[in-house]
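# Summary of the model geometry
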Amino acid sequence: MGHFPKIVLGVFAASVAGSLVASQLFSSPAALWLGAPALIMSGWAAIGHLVTIDDDSPGGWSNQESSDRTWHRSLRDLSIKLAVFIAVGWVVVFLPAG
């Protein structure tokens, strides 16, 4: 698979951590700038999954066998991505403002 997923996760984690540190030590704008990459990455993953969710529905492009397991896994994955996006949004946008 290579190093790309590790690099992406590293950038994501560094962005969230940097935003947390900046929100405690510096200002809201610094926390927002440092957390923007994580916010964009998590939003992109959630919105991209939401846009293509119909592919995983029974009879869809990725689920031609009409498997309920595939459909439920896709819904679970979407829920996780949305939860991560909301959590990152809270850390990056709302936590520094408080």
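Further up the page is the structure itself.
What counts, and at which threshold
- Residues numbered from 1 in each chain as written.
- Predicted model: local features only at pLDDT ≥ 70, side-chain atom pairs only at ≥ 80, totals over all residues.
- Heavy atoms only, no water.
- Patch = residues over 30% accessible without salt bridge, like charges linked within 9 Å, V, L, I, M, F, W, Y side chains within 5 Å.
- Areas by Shrake-Rupley, 256 points an atom, 1.4 Å probe, with all protein chains shown as cover.
- Salt bridge = Lys/Arg side-chain N within 4 Å of Asp/Glu carboxyl O.
- Helix = DSSP H or I, 4+ residues; strand = E, 2+ residues; numbered from the N terminus.
- Buried < 20%, exposed > 50% of the residue type's maximum accessible area, 1.4 Å probe, protein only.
- Polar contact = N/O pair within 3.5 Å; in protein donor to acceptor, adjacent residues only side chain to side chain.
- Contact = heavy atoms within 4.5 Å.
- Bend = angle between axes of the 7 residues up to and from the residue.
- Core = buried A, V, L, I, M, F, W, Y, C linked by side-chain atoms within 4.5 Å.

## Considering a nonpolar patch on the surface
Together, L32, W90, V93 and F94 make up an exposed nonpolar region whose accessible area comes to about 420 Å². Considering each element in turn, the nonpolar patch owes the most residues, 3 residues, to helix α3 (residues 68-97). For W90, the location among the structural elements is in helix α3. For W90, a relative accessible area of 48% corresponds to the partly exposed category.

## As for the side chain of S15
Position of S15 relative to the elements: it lies in helix α1 (residues 4-25). A polar atom in the side chain of S15 sits 2.6 Å from the backbone oxygen of L34. In contact with S15, not counting residues within four places along its chain, are L34, G35, A36, P37 and A38.

## Digging into helix α2 (residues 28-51)
At G35, α2 shows its largest bend, some 45°, and a proline, P37, comes one to four positions later. A31, G35, A38, S42, G43, A46 and H49 are the residues of α2 that are buried.

## So, unusual backbone geometry
Located in the positive-phi region is S66, a residue other than glycine, with phi close to 60°. Mapped onto the elements, S66 comes out in the loop between α2 and α3. Taking relative accessible area as the criterion, S66 reaches 40% and is therefore assigned partly exposed.

## Some remarks on the nonpolar core
One recurring pattern in soluble globular proteins is that nonpolar side chains are buried together. The biggest cluster of nonpolar side chains holds 5 residues, and these are V16, A38, V88, V91 and V92. Examining the composition of this core, we find that 3 residues originate from one element, α3, more than from any other. Discounting chain neighbours no more than four positions away, the residues touching V16 are A38, V88 and V91.

Shape descriptors only; they carry no functional weight alone.
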